[in-house]
Every structure is written in C-alpha cells, then in structure tokens.
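# Summary of structural features
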Amino acid sequence: MTRALEVERRLGFTHSCVPEVGRLLHVLAGQRDRARVGELGTGCGVGAAWIVSALPPTVPFVTVELDPTLAKAAAELFAEDENVRVLEGDWHEVMPAEAPFDLLFYDGGGKQHPELDGEQVVSLLAPGATIVMDDLTPHRGQTPGSDPVRDFWLNHPEIAALELLTTPETAAIVGTRRG
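Because the structure is predicted, anything quoted here is derived from the model rather than measured. As a convention, each chain's residues are numbered from 1 in the sequence order in which they are written. In keeping with the model being predicted, local features are shown solely for residues with a pLDDT of at least 70 and side-chain atom pairs are shown and tallied solely at 80 or more, while totals for entire chains, interfaces and linings include all residues. Hydrogens and water molecules were not included; the side-chain quantities draw on all heavy atoms of the structure.

## Here's the deal with the overall build of the protein chain
Definition in use: Secondary structure elements are taken from DSSP: a helix is a run of H or I of four residues or more, a strand is a run of E of two residues or more, and numbering for both begins at the N terminus. Within these notes, the globule rule equals 2.2 Å times the number of residues to the 0.38 power, and the radius of gyration is based on C-alpha atoms. Throughout, exposure labels follow a simple rule: accessible area from a 1.4 Å probe, protein chains only, divided by the maximum for the residue type, with under 20% read as buried, over 50% as exposed, and the rest as partly exposed. In what follows, residue pairs with any heavy atoms lying within 4.5 Å of each other are defined as contacts. Per-residue accessibility takes into account occlusion by the displayed protein chains alone, with areas from the Shrake-Rupley method and a 1.4 Å probe. In this count, Lys and Arg are taken as positive residues and Asp and Glu as negative ones, while His and the chain termini are left out. Charge positions are represented by NZ for Lys, CZ for Arg, CG for Asp and CD for Glu.
For the protein chain, the count of helices and strands is seven helices and seven strands. Secondary structure of the protein chain in N-to-C order comes out as α-α-β-α-β-α-β-α-β-α-β-α-β-β. Expected size for 179 residues packed as a compact globule is a radius of gyration near 16 Å; at 15 Å, the protein chain falls within 12% of this value. Principal axes of the C-alpha set define a box for the protein chain whose edges measure 45 × 35 × 30 Å. In the protein chain, which comprises 179 residues, the proportion classed as buried is 51%. Nonlocal contacts in the protein chain, meaning residues at least 24 apart in sequence, comprise 68% of its contacts between residues at least 6 apart. When the accessible surface of the protein chain is split by element, carbon and sulfur atoms take 54% of a total near 8800 Å². Charge centroids of the protein chain, computed over 14 positive and 27 negative side chains, lie 5 Å from each other.

Right, here's the structure in full:
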C-alpha cells in the first residue's frame, strides 16, 4: 500500500480510492472462493494494492488503465507480483477477453454513463460476482430518476445492489450479479 501511495504522490494523482473504500475492497477480495478479480481504472494502483493484499497468490488479478503513464507506473509497482497483470488500453476492448470476474472494482470515469456501457460491465461479471463502484456523492433527498448511475445499478434486474456511505461525503455501490 505504501508503495502505491508513493507513486500517487510522485505523479500528483488525486483520484485514488479513499482508505475506507480500500478497506471494503480488501474485505471483499479476501472472501473465500474468489477465482478471478479485475479492476476497470487502475490509476496509480492504490485500489489494486488493497485488493491484491487480500488475495491468495494463486488468484489472478487483472487491471486496466487508459492513461499510458499511469499504466506504466502501476505495471512497475506490481512487477514482482506474478498473479497481477496491468493492461494499458480501453477496458471495452481488453477486458471482455479476461472475463468473467468474481469481483470487479469499477473505478473508471465511464461509470458516470451507464446508459453507454453499463450492460457491457454487467457482462464481465460471473453469476454471483460482486461489483464495487466508488466516488459517488451520497444519495440524500434526490428525486427518483435524477441520478442515472444509481438508477441503473440499484434497479438493474441482474444485480442486487445497495449504496454504502464510505465517508460522510462519499458513497459506493456494492452489488452481486444474480445467478
């Protein structure tokens, strides 16, 4: 974790997951019978570090980052972890071949537009898989239909999901693909 935070500071990256989300990812990654774990949006590898620190060394972890500088930094960070692969590119193109995932951290900016690629994200999940999305503002008093991200994930027929406060100012959606 410390090494990932050092990379974050060195590159001036400010969008890594908060420690509260990191602990949530760590708990979920440590659950029994995880066979394949993925992340959409590596950044500097902070979320990945939380996940990998809880995975048995035999469980493959694949993360993808669009930004070449960040992808290179994360690849260097995990160079000695045989179970970790950092891919550079658009997740729409590279992650379908890596699926299905038992746990997927959807950390990329595209999650703000589920009408464009939400179904493709769902298709990456194995039956019974867990999906986590962070960087959401808590849903306090918003009218139904005013938040397409929440509407999509909390009402999707294939996903049982809930919103969790991660800090007083941030929330995450955690869901399980019905199977």
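Still to come is the rest of the account.
## Notes on the pairing of strand 7 (residues 170-177)
As a reminder, the rule being used: A pair of strands is treated as paired once DSSP finds two or more bridges between them.
Burial runs high along strand 7: six of the eight residues are buried. Looking at chain direction, strand 5 (residues 125-136) and strand 7 are connected through five bridges and run antiparallel. Along strand 7, the bridge assignment pairs Val132 with Val174. Pairing geometry for strand 6 (residues 159-167) and strand 7, over eight bridges, is antiparallel. Paired with Glu163 across the strands is Ile173, a residue of strand 7.

## Here's the deal with the packing of aromatic side chains
What counts, and what does not: Whether two aromatic rings pair depends on their centres lying within 6.5 Å, for rings of Phe, Tyr and Trp, where Trp uses its six-membered ring; planes under 30 degrees apart make the pair stacked, over 60 edge-to-face, and the rest tilted.
This model, assessed by the stated rule, comprises three aromatic pairs. A centroid spacing of 6.4 Å and a plane angle of 70 degrees characterise the contact between Tyr106 and Trp153, whose relative ring orientation is edge-to-face. Separated by 47 residues along the polypeptide, Tyr106 in strand 4 (residues 101-106) and Trp153 in helix 7 (residues 148-155) bring together distant segments of the chain. Accessibility classification places Tyr106 together with Trp153 in one group, the buried group. Pairing Phe152 with Trp153 gives two aromatic rings, centres 4.9 Å apart and planes at 75 degrees, and the pair type is edge-to-face. Like Trp153, Phe152 is buried. A connected cluster of aromatic rings, assembled from ring pairs, spans Trp91, Tyr106, Phe152 and Trp153.

## Points about the nonpolar core
Within soluble globular proteins, side chains that are nonpolar tend to cluster in buried spots. Just so we agree on the cut-off: Here, nonpolar core means buried Ala, Val, Leu, Ile, Met, Phe, Trp, Tyr and Cys residues that are tied together by side-chain atoms lying within 4.5 Å of each other.
Within the largest apolar cluster, 26 residues are counted, with the highest numbers of intra-cluster contacts made by Leu25, Ile51, Phe61, Phe78 and Val132. Breaking this core down by element, the ones donating at least two residues are helix 2 (19-29), helix 3 (46-52), helix 4 (68-77), strand 3 (84-88) and strand 4. Sorting elements by how many residues they give to this core places helix 3 first, with six residues. Core analysis: the second largest hydrophobic core is formed by 24 residues, Trp91, Ile131, Met133 and Ile173 among them.

## Digging into the side chain of Asp117
Definition in use: Pairing of N or O atoms within 3.5 Å defines a polar contact, subject to two protein rules: one partner must be a possible hydrogen donor and the other a possible acceptor, and residues neighboring in sequence count only if both atoms are side-chain atoms.
Looking at the secondary structure, you find Asp117 in helix 6 (residues 114-123). Under the relative-accessibility criterion, Asp117 is labelled buried at 7%. A polar atom in the side chain of Asp117 sits 2.9 Å from the side chain of His92. Beyond its immediate chain neighbours, meaning those up to four positions away, Asp117 contacts Trp91, His92, Tyr106 and Gly110.

## Side note on the sheet that holds strand 5
What counts is decided by this rule: Note on method: axes are straight lines fitted to C-alpha atoms, helices fitted across the in-contact stretch only, with angles between N-to-C directions ranging 0 to 180 degrees.
The sheet built from seven strands is open, its strands ordered 3-2-1-4-5-7-6 with mixed pairing. The sheet terminates laterally at strand 3 and strand 6, the two strands that pair on one side only. Ignoring strand direction, the axes of neighbouring strands in this sheet form an average angle of 15 degrees. Together, strand 4, strand 5, strand 6 and strand 7 form the strand contacts of helix 2, whose direction differs from that of strand 5 by roughly 170 degrees. Strand contacts of helix 4: strand 2 (61-65) and strand 3, with the helix running at about 165 degrees to strand 3, the strand carrying the most contacts.

## Quick notes on the packing of helix 6 against helix 7
How we decide: Orientation is classified from the angle alone, with under 35 degrees giving roughly parallel, over 145 giving roughly antiparallel, 65 to 115 giving roughly perpendicular, and any other angle giving oblique. For any helix crossing, the convention is left-handed if the near helix is rotated counterclockwise from the far helix by under a right angle, and right-handed if that rotation is clockwise.
The N-to-C vectors of helix 6 and helix 7 enclose an angle of 30 degrees; their axes lie 11 Å apart at closest approach. Taken together, helix 6 and helix 7 sit at an angle that is classed as roughly parallel. The hand of the helix 6/helix 7 crossing is right-handed. Every residue of helix 7 that contacts helix 6 at Pro114, Gly118, Glu119, Val121 and Val122 is listed here: Pro148, Val149, Phe152 and Trp153.

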